[in-house]
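Geometric and topological summary
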Amino acid sequence: FILGETCSALLLFISIMTMFMSGVVAIFEYDLKKIIALSTLSQLGMMMFSISLGLYELAFFHLLTHALFKALLFLCAGILIHGAGNTQDIRSFGGLSLNFPLVTVCMNLANLSLCGVPFLAGFYSKDLIVELACQYSWGIFVLLTMFICLSLTVLYSVRLTYLSFVGPYGGGTSISVCESGYSLVGPVVILSFTSLVSGPILSWLNFPAPVLIFLPVFLKWGALFFVGVSLLVMLSLQGLTYSYKWGVVSKFSGLMWFLPWLTGQGSSMKTLKNA
């Protein structure tokens, strides 16, 4: 390792907790841009997790694939916000697939790539990181937390898709004229194509030979199992998408685990008030 053993262990712990925190907070968030930003934070944690294991090339590979489908996700979100009367609250969406069919397909493609669905861009980098991480002897806690973080990605992605495109109409105004402009739809279509083919292309360019990994069957199917379970959990907890029924948990998550107050707001409020 370029990093020392202590630094690698510290980076491993911080990256795992970053992925877990951002995934939990995204489940309770209703701001469209915040959900996508939190998913970016989660993927940055995945990259730092890869670096902590000494997989620097894989971290760079995931950075490239993530840049493509996350750019697609942000562009689709911008079109939805513009077409929905400049609102970012996903509770006011619902049924947008009728007014934005092309954006719906492209955004769901980006979400599937984010979740690591096979043969999309995100799968080639995320699955490789997960499989190589399973070969390291960091203990069952690290592996279990890593799989839970992967399932949290599926949870908030499915929740976002359900509330925005599949769920009942939320009462907001929406216009479909946004899809008639080539300046908006053109980049979305191009990035959708890259989200489909960039995974294998970048893999061939970054690695001189195919990567063959042998793992026990339960570890090979572990990621798919947690993804399936998280999908079923999200579909069964539809009440969670409409109201804060979890009291302290939702408030704690909505305030980013009080990290903004602990890191900056708590000290700046007192100093600025005294000034």
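Bear in mind that the values here come from a model prediction, so they are computed numbers and not experimental data.

**Focus: the overall build of the chain**
Along the backbone of the chain there are 11 helices and zero strands. Listing the helices and strands of the chain from first to last along the sequence gives α-α-α-α-α-α-α-α-α-α-α. Considering only contacts in the chain between residues 6 or more positions apart, those separated by 24 or more positions represent 82%.

**Quick word on helix α5 (residues 121-133)**
For α5, spanning 13 residues, the distance from its first C-alpha to its last is 19 Å, which sits close to the expected 18 Å at 1.5 Å a residue. Burial analysis of α5 places 10 of its 13 residues in the buried class, the great majority of the element. Where α5 is buried, its residues contact α2 (32-52), α3 (56-83), α4 (101-115), α6 (140-166), α7 (182-206) and α8 (217-220).

**Details of the UniProt feature "transmembrane region" (unreviewed entry) in the chain**
In the numbering used here, UniProt assigns the feature "transmembrane region" (unreviewed entry) to residues 7-28, 34-56, 63-82, 102-124, 136-158, 184-205, 217-237 and 243-263. Secondary structure over residues 7-28 splits into 95% helix and 0% strand, and the C-alpha atoms at its two ends are 32 Å apart. Taken end to end, residues 102-124 is 78% helix and 0% strand, and its first and last C-alpha atoms sit 25 Å apart.

**Observations concerning unusual backbone geometry**
Unlike most non-glycine residues, Phe119 shows phi in positive territory, near 75 degrees. Owing to a relative accessible area of 61%, Phe119 belongs among the exposed residues under this scheme.

**A short note on the pattern of salt bridges**
Tallying each qualifying case throughout the model produces one salt bridge. Two residues, Arg91 and Asp89, come together in a salt bridge whose shortest N-O distance is 2.9 Å. Relative accessible area serves as the criterion here: at 25%, Asp89 is assigned to the partly exposed category.

**Remarks on a nonpolar patch on the surface**
Taken together, the side chains of Ile140, Phe141, Leu144 and Ile148 present a nonpolar region at the surface, about 410 Å² in accessible area. The topology assignment puts Ile140 in helix α6.

**Quick notes on the side chain of Ser157**
Tracing the backbone through its elements, the reader meets Ser157 in helix α6. Only 2.7 Å separates the side chain of Ser157 from the backbone oxygen of Thr153, close enough to count as a polar contact. Those residues in contact with Ser157 that lie beyond four places of it in its chain are Asn111, Leu114 and Cys115.

**Quick notes on the packing of aromatic side chains**
Scanning the model with the defined rule gives three aromatic pairs in all. Ring plane angle 85 degrees and centroid distance 5.5 Å describe the contact between Phe61 and Phe207, whose orientation is recorded as edge-to-face. On the criterion of sequence distance, the pair formed by Phe61 in helix α3 and Phe207 in the loop between α7 and α8 is long-range, its members being 146 residues apart. Like Phe207, Phe61 is buried. Between Phe123 and Tyr124 the ring centres are 5.7 Å apart and the planes differ by 75 degrees, which places this aromatic pair in the edge-to-face class. Overall, the relative accessible area of 25% leaves Tyr124 in the partly exposed class. Put simply, the rings of Phe119, Phe123 and Tyr124 pair up and form one aromatic cluster. The cationic tip of Arg159 hangs over the ring face of Tyr30; the distance from NZ or CZ to the ring centre is 4.7 Å.

**Observations concerning the confidence of the model for the chain**
Considering every residue of the chain, the mean pLDDT works out to 80; 80% of them sit at 70 or more. The weakest mean pLDDT in the chain belongs to helix α10 (residues 248-254) at 62; the strongest belongs to α2 at 91.

**Quick notes on the nonpolar core**
The biggest cluster of nonpolar side chains holds 43 residues, and the ones touching the most others in it are Leu32, Leu72, Cys76, Leu80, Ile90 and Met107. Elements with a minimum of two residues in this core: α1 (5-27), α2, α3, α4, α6 and α7. For Ile90, the residues in contact, after removing those within four places along its chain, are Glu29, Tyr30, Leu32, Ile35, Arg159, Leu160, Leu163 and Ser164. Grouped together as the second largest cluster of nonpolar side chains are 27 residues, Met19, Val130, Ala133 and Cys149 included.

**Some details on the packing of α2 against α5**
One can describe the packing of α2 onto α5 by two numbers: an axis separation of 11 Å at closest approach and a directional angle of 40 degrees. Considered as vectors, α2 and α5 are oriented oblique to each other. Considering how the two elements wind past one another, α2 and α5 form a crossing that is left-handed. Between α2 and α5, the residues in contact are Gln43, Met46, Phe49 and Ser50 and Lys126, Ile129 and Ala133, respectively.

**Some details on the environment of Ile81**
With respect to the helices, strands and loops of the structure, Ile81 is situated in helix α3. By relative accessible area, Ile81 is classed as buried at 11%. For the pair Ile81 and Lys33, spaced 48 residues apart in the sequence, the C-alpha separation amounts to 9.2 Å. With residues up to four places along the chain from it excluded, the contact list for Ile81 reads Leu32, Lys33, Asn86, Thr87 and Gln88.

The rules behind the values
- Residues numbered from 1 in each chain as written.
- Predicted model: local features only at pLDDT ≥ 70, side-chain atom pairs only at ≥ 80, totals over all residues.
- Heavy atoms only, no water.
- Helix = DSSP H or I, 4+ residues; strand = E, 2+ residues; numbered from the N terminus.
- Contact = heavy atoms within 4.5 Å.
- Expected span 1.5 Å × (residues − 1).
- Buried < 20%, exposed > 50% of the residue type's maximum accessible area, 1.4 Å probe, protein only.
- UniProt positions renumbered as here; feature names shortened; annotations may be inferred.
- Salt bridge = Lys/Arg side-chain N within 4 Å of Asp/Glu carboxyl O.
- Patch = residues over 30% accessible without salt bridge, like charges linked within 9 Å, V, L, I, M, F, W, Y side chains within 5 Å.
- Areas by Shrake-Rupley, 256 points an atom, 1.4 Å probe, with all protein chains shown as cover.
- Polar contact = N/O pair within 3.5 Å; in protein donor to acceptor, adjacent residues only side chain to side chain.
- Phe/Tyr/Trp six-rings, centres within 6.5 Å; stacked < 30°, edge-to-face > 60°.
- Lys NZ or Arg CZ within 6 Å of the ring centre and 35° of its normal.
- pLDDT = per-residue confidence, 0-100.
- Core = buried A, V, L, I, M, F, W, Y, C linked by side-chain atoms within 4.5 Å.
- Axes fitted to C-alpha atoms, helices over the stretch in contact; angles between N-to-C directions.
- Parallel < 35°, antiparallel > 145°, perpendicular 65-115°, else oblique.
- Left-handed = near helix turned anticlockwise from the far one by under 90°.

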